[in-house]
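Structure assessment
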Amino acid sequence: MVHVIKNLPTLAVSLDGNEKNKRFFCSRRDKLRYPRETFALYTGKLKGGLSFNSSNLVSAFEECILFGIPQLKLSTVLFSFKEVNNLCSIALNVHCELEPVCDGESEDSDIVKENSTKDVYKLESSGKDCFMNLYTEKFDTNQPSSFLEETKNSVEDGILYLEELDEKVLSKRILKLSRLNKPKSALAIYKSMIFSGLKPDLHACNSLLSSLLRNGMLDNALKVFNSMKSSELTTGHTYSLILKAVADARGYDTAIYMFRELISSRNLRKQIDIVVYNTMISIFAKANDWDQAQKIWKILQDNGQVGTTVTYRLLICTFVRCGQNELAIDAYSEMIQNGLSPESDMMHAIIGAYSREGKYDSALNILQCMLDSELKPNARACNAVINSLGKAGKVKLAFEIYDLMKSLGHAPDVYTWNSLLNALNRANRYCDAIQLFERIRNIQSVILNVHIYNTVLTSCHRLGLWDKAVQVLWQMEASELPVSTASYNQVIGACEVARRPKVALQVYYRMVRQKHSPDIFTLLSLMRVCIWGSLWSDAVEILKFSEPNGSLYNAAIQGMCLTGKLDLARKLYTEMRERGLQPDGKTRAMMLQNLQTDSRRNRKRSFL
């Protein structure tokens, strides 16, 4: 029996078989245009209470063939309705009633009583609720039953019935839902549009993609991305979104692999703009992978792209942060050649790069450009320039930048003071360095560190101010700073210059008690100071308890030859050869000269 909708004979319900195995399908008939044709729109298996599912679509289509009804393949299929009234009101926007019609009778005959025609059959399904799409296309009756699987897949994908078919209106809906952070609803409309042959606009697609990625739906985003590529709806912003998301979720190796696939395609390469390159550079900048960032820069140049300010800011900051100062300078030079104006952070970074490369004149030029542009250099940039000038011995310029730094409102820190002290030492102005140290020590806000102490110890060493050096060393120990072997070496060196061997030995023994291992510089300084102080036993003891070293023996032998201790020198020379140590040229020459002199004296004595 066929139940026909009374006030709309274009929809019907077919019930055949027994009560336990009934089939339901909606059909469409237009008597004027299609006198004997009905189009199957939906089928389902009835169970108690007229509930149905979509598992018997093929069987129902066979039923259609039996009645001579040509079938149409649907773009999408209804999966569930709660009421038949909802079916008709949603699908065709009309109120409906069901009228039973026997097989073979016309749809206009009245067979069932009037009360039964007004019954509403409730249709309950086990699937999710969705809308029916009226968009249909011709379906070959000889096509295999794989249509059932395709239909089920479209239903499971959440494809909706689109009452509105205007692409602009639907695109605005996708855009609005995406901005409201409702990616699932926006995705359903997008799928329904694609399934119905409609094309959303580019802005809506990118907004949907961004919403999916914000909510961690990367797999769905990749499907949308592939769909956009096939529809030629991608832009540089699209690629940027997906590449950044892939890098965050699956690592930048996967991102670079996807990027190389994109640029390998001639059609897609045209769509990749500078924004995509910037995204890839930022991915590697985040990982401090300067090598990959440089490769992207090279690809950008080979493809004829011109970098933007963002491009060069990423490159310069990444290279400087990774210690690749030359690459940073090259990127800055290219940016200037392209007529782009550097920003404040870029200028700060490039000042550091020039300073570390010893190009203080270029660093000064950038600093002056910042001042001319009414940009305020930070304290770090000023310190970098002062340090670079100090290494070059430009003391006057270094102190001018120091004055500029104070005029800009920056308080000098320990790095500033150490740079100024080093500048004075490089200029051999050791007394001025010691005076500046005393000024710094009187500033209560400055906490002296190891570097400042070591720098002033260098000044004391050069001047031979052993007492001042010892005083600074005690201050270091009293401040509970980690005193290194280098600090003790500077004090011993000051004692050497001042010819204070006993003080040097005291500092040495203090150093050993503090569990600091002396290095070759410590031992050489001690050896020289002991020889010049005629502390022969101490010199021999140092050789005895130290690791065998040719330089140490050479210094001892040469010093003893110069002071007339030839017997001790020959003894140490023999001991040196027995230990397998090689004397240098000066040691051999002095030993030969002293041996010849000694043999002449012996011959003269025997003659007399």
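Residues numbered from 1 in each chain as written. Predicted model: local features only at pLDDT ≥ 70, side-chain atom pairs only at ≥ 80, totals over all residues. Heavy atoms only, no water.

Some words on the overall build of the protein chain
This is how it is decided: To qualify as a helix, a DSSP run of H or I must reach at least 4 residues; to qualify as a strand, a run of E must reach at least 2; elements of each kind are numbered from the N terminus. For every residue, the accessible area obtained with a 1.4 Å probe (protein chains only) is divided by the maximum for its type, and the residue is called buried under 20%, exposed over 50%, and partly exposed between those limits. Should any heavy atoms of two residues lie within 4.5 Å, those residues are considered in contact. Accessible areas in this description were obtained via Shrake-Rupley with a 1.4 Å probe; residue shielding takes into account the shown protein chains only.
A tally of regular secondary structure across the protein chain gives 30 helices and seven strands. The burial tally for the protein chain puts 47% of its 608 residues in the buried class. Expressed as a percentage of contacts within the protein chain between residues at least 6 apart in sequence, the contacts between residues at least 24 apart total 62%. Looking at the protein chain as shown, the accessible area adds up to about 31,900 Å², and 49% of this sits on carbon and sulfur atoms.

Regarding helix 23 (residues 466-478)
As a reminder of what qualifies: Here the expected span of a helix is defined as 1.5 Å times the quantity of residues minus one.
Taking 1.5 Å of rise per residue, 13 residues should cover 18 Å, and helix 23 covers 18 Å from first to last C-alpha, within 8% of that figure. The complete set of buried residues in helix 23 reads Lys468, Ala469, Val470, Val472, Leu473, Gln475, Met476 and Glu477. Here the buried face of helix 23 lies against helix 21 (430-442), helix 22 (450-463), helix 24 (485-497) and helix 25 (501-513).

A short note on the nonpolar core
If you look at soluble globular proteins, the nonpolar side chains tend to sit buried side by side. What counts here: Here, nonpolar core refers to any group of buried Ala, Val, Leu, Ile, Met, Phe, Trp, Tyr and Cys residues whose side-chain atoms link them within 4.5 Å.
Counting 147 residues, the largest nonpolar core has Ile242, Phe259, Met280, Ile296, Ile316, Ile350 and Met527 as its most contacted members. Non-local contacts of Ile350, meaning those with residues more than four positions away in its chain, are made with Ile316, Ala328, Ile329, Tyr332 and Ile366.

A few points about the side chain of Ser525
Looking at the secondary structure, you find Ser525 in helix 26 (residues 520-532). In this structure Ser525 comes out as buried when scored by relative accessible area, which is 5%. For Ser525, the residues in contact, after removing those within four places along its chain, are Ile492, Gly493 and Glu496.

Considerations on the pattern of salt bridges
Opposite charge on two side chains lets them pair, provided their charged atoms get close. Stated formally: Each salt bridge in this description consists of a side-chain nitrogen of Lys or Arg and a carboxyl oxygen of Asp or Glu lying within 4 Å of one another.
Overall, the coordinates contain 13 salt bridges when judged by the stated rule. As a salt-bridge pair, Arg250 and Asp219 come within 3.0 Å of each other at their nearest N and O atoms. Taken as a pair, Arg250 in helix 9 (residues 236-250) and Asp219 in helix 8 (residues 218-230) lie far apart in primary sequence, 31 residues in all. Of the charged contacts, one joins Asp345 and Arg313 as a salt bridge, the two residues approaching to 3.8 Å between their closest N and O atoms. Taken together, the residues Asp345 in helix 16 (residues 344-356) and Arg313 in helix 14 (residues 309-321) connect sequence positions 32 residues apart. Classification of Arg313 by relative accessible area gives partly exposed; the value is 22%. Several salt bridges converge on common partners, so that one network encompasses Lys244, Asp248 and Lys286.

Overview of the packing of helix 16 against helix 17 (residues 360-372)
Note the cut-off: Axes here refer to lines fitted to C-alpha atoms; in helices the fit is confined to the stretch in contact. Angles between the N-to-C directions go from 0 to 180 degrees. Convention used here: angles under 35 degrees read as roughly parallel, angles over 145 as roughly antiparallel, angles from 65 to 115 as roughly perpendicular, and any remaining angle as oblique. Should the near helix be turned anticlockwise from the far one by less than a right angle, the crossing is left-handed, and should it be turned clockwise, the crossing is right-handed. Any residue that is not Ala, Val, Leu, Ile, Met, Phe, Trp, Tyr, Cys, Pro, Asp, Glu, Lys or Arg is counted as polar, Gly included; the first ten are nonpolar and the last four charged.
Across the interface, helix 16 lies against helix 17 with an axial gap of 8 Å and an inter-helix angle of 160°. As far as their axial angle goes, helix 17 and helix 16 are roughly antiparallel. For the element pair helix 16 and helix 17, the recorded crossing hand is left-handed. Of helix 17, the residues touching helix 16 (which contributes Ser344, Met347, His348, Ile350, Ile351, Tyr354 and Ser355) are Ser362, Ala363, Ile366, Leu367, Cys369 and Met370. Of the residues in the contact of helix 16 with helix 17, the class split is nine nonpolar, four polar and no charged.

So, the packing of helix 9 against helix 12 (residues 274-286)
A pair of packed helices is characterised by two quantities: the angle between their axes and the separation of those axes. Relative to each other, helix 9 and helix 12 sit at 20°, their axes nearing to 8 Å. By the angle class used here, helix 9 and helix 12 are roughly parallel. Between helix 9 and helix 12 lies a crossing whose hand is right-handed. Residues Gly236, Tyr239, Ser240, Leu243, Lys244, Ala247 and Asp248 of helix 9 form the contact with helix 12, whose participating residues are Val275, Val276, Thr279, Met280, Ile283 and Lys286. Residue classes in the contact of helix 9 with helix 12 are distributed as seven nonpolar, three polar and three charged.

Thoughts on the side chain of Thr587
Put simply, the rule reads: Any N or O atom pair separated by 3.5 Å or less is treated as a polar contact, with the protein-specific requirement of one donor-capable and one acceptor-capable atom, and with residues adjacent in sequence counted only for side-chain atom pairs.
By the element assignment, Thr587 lies in helix 30 (residues 585-607). A polar atom in the side chain of Thr587 sits 2.9 Å from the side chain of Asn554. Dropping the residues within four chain positions of it, Thr587 is found in contact with Asn554, Ile557, Gln558 and Tyr573.

So, the packing of aromatic side chains
Basically, it comes down to this: Two rings from Phe, Tyr or Trp (for Trp, the six-membered ring) form a pair when their centres are within 6.5 Å of each other. A pair whose planes differ by under 30 degrees is stacked, one over 60 is edge-to-face, and the rest are tilted.
For the structure on display, the rule yields seven aromatic pairs. Judged by centre distance (5.6 Å) and plane angle (80°), the rings of Phe225 and Tyr239 are edge-to-face. One end of the pair, Phe225, is in helix 8; the other, Tyr239, is in helix 9, and 14 residues separate them in sequence. Residue Phe225 shares its accessibility class with Tyr239, and that shared class is buried. With 6.1 Å between their ring centres and 45° between their planes, Trp297 and Phe319 make a pair best called tilted. Of this pair, Trp297 sits in helix 13 (residues 290-302) while Phe319 sits in helix 14; the two residues are 22 residues apart in sequence, bridging distant segments of the chain.

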